Amino acid sequence: DAKTTQPNSMESNEEEPVHLPCNHSTISGTDYIHWYRQLPSQGPEYVIHGLTSNVNNRMASLAIAEDRKSSTLILHRATLRDAAVYYCILNRDDKIIFGKGTRLHILP
Amino acid sequence: DAMVIQNPRYQVTQFGKPVTLSCSQTLNHNVMYWYQQKSSQAPKLLFHYYDKDFNNEADTPDNFQSRRPNTSFCFLDIRSPGLGDAAMYLCATSRDGQADTEAFFGQGTRLTVV
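Residues numbered from 1 in each chain as written. Chains lettered and ligands numbered in written order. Predicted model: local features only at pLDDT ≥ 70, side-chain atom pairs only at ≥ 80, totals over all residues. Heavy atoms only, no water.

Enquirer: I keep staring at the packing of aromatic side chains and nothing clicks. Help me out?
Expert: Under the defined criterion, the tally for this structure stands at 12 aromatic pairs over all chains. Where Tyr36 of chain A meets Tyr46 of chain A, the ring centres are 5.8 Å apart and the plane angle is 75°; that geometry is what we call edge-to-face. Of this pair, Tyr36 of chain A sits in strand S3 (residues 32–38) while Tyr46 of chain A sits in strand S4 (residues 45–50); the two residues are 10 residues apart in sequence, bridging distant segments of the chain. The burial state of Tyr36 of chain A is the same as that of Tyr46 of chain A; both residues are buried. With a centroid separation of 5.1 Å and an interplanar angle of 55°, the aromatic rings of Tyr49 of chain B and Phe54 of chain B are classed as tilted. Given the relative accessible area of 7%, Tyr49 of chain B is considered buried. (Phe/Tyr/Trp six-rings, centres within 6.5 Å; stacked < 30°, edge-to-face > 60°. Helix = DSSP H or I, 4+ residues; strand = E, 2+ residues; numbered from the N terminus. Buried < 20%, exposed > 50% of the residue type's maximum accessible area, 1.4 Å probe, protein only.)

Below, the structure is given as structure tokens:
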């Protein structure tokens, strides 16, 4: 299974942008980069995914490096409700394998 | 509206007594997954179904079984729960399991073994 590396935890102030990094140096050409988040006591929820180009949706933006060996999830204006564990996943087949993720703390 | 529904949200079972957790989906997705998540750990894939085709992860204990009688329902059976099986169990679905499709997760069932 393709491996991703994320910081264990990060902090951000409320109403400021948050940049969550992910390294995936062993990514293959057909791997999609997915991000999920898990709020306390809930199941994971999909955030965003991409292949090569940067992607935007109502929740976040995904910036993918040109060599695809790293990516960054961008929350444009963090709120307290964004406090969660964020998982960066390389999806290449019909299995979704979670790494350890980044626990994001939002400071009021 | 909940699209992946897990019942019950909390389940207490006795050591060694078989227990079944259930999952239903209203999305008509082909793929259904079961994950185990222990405290402060990431979800760990146990197995998944692509339609009726069952795919077991190599390190999933034999104590864990699954059934998918139709598209909408999937069950996780733990034949003889041990204390180490206490965890959150998550069900998820995917339309077709392709790399560019998202998964939808239920809220999970928290299993306690006494």
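After that view, the rundown keeps rolling.
Enquirer: It is not clear to me how unusual backbone geometry should be interpreted in this structure. Could you clarify?
Expert: Backbone phi values are negative for most residues with the exception of glycine, while trans is the configuration of most peptide bonds. Residues and elements named next belong to chain B. Between Asn7 and Pro8 the backbone carries a cis peptide bond, its omega angle lying at -10°. Tracing the backbone shows Pro8 in the loop between strand S1 (4–7) and strand S2 (10–13). One non-glycine residue, Asn28, adopts positive backbone phi at about 60°.

Enquirer: Would you explain the interface of chain A and chain B in this entry?
Expert: Often, the extent of an interface is quoted as the loss of accessible area on bringing the components together. With 22 residues of chain A in contact, the opposing surface of chain B contributes 22 residues. Taken over both partners, the interface formed by chain A and chain B buries close to 1700 Å², and the fraction arising from carbon and sulfur atoms is 54%. When the buried surface of chain A facing chain B is broken down by residue, Asp94, Ile96 and Phe98 of chain A rank first, second and third, together holding 30% of it. Linking chain A to chain B there are 1 salt bridge. A salt bridge links Glu57 of chain B to Lys95 of chain A; the shortest N-O distance between them is 3.4 Å. Elements with a minimum of two residues in the side of chain A that touches chain B: S3, S4 and strand S8 (84–91) of chain A. (Contact = heavy atoms within 4.5 Å. Buried area = accessible area lost by both parts, 1.4 Å probe. Salt bridge = Lys/Arg side-chain N within 4 Å of Asp/Glu carboxyl O.)

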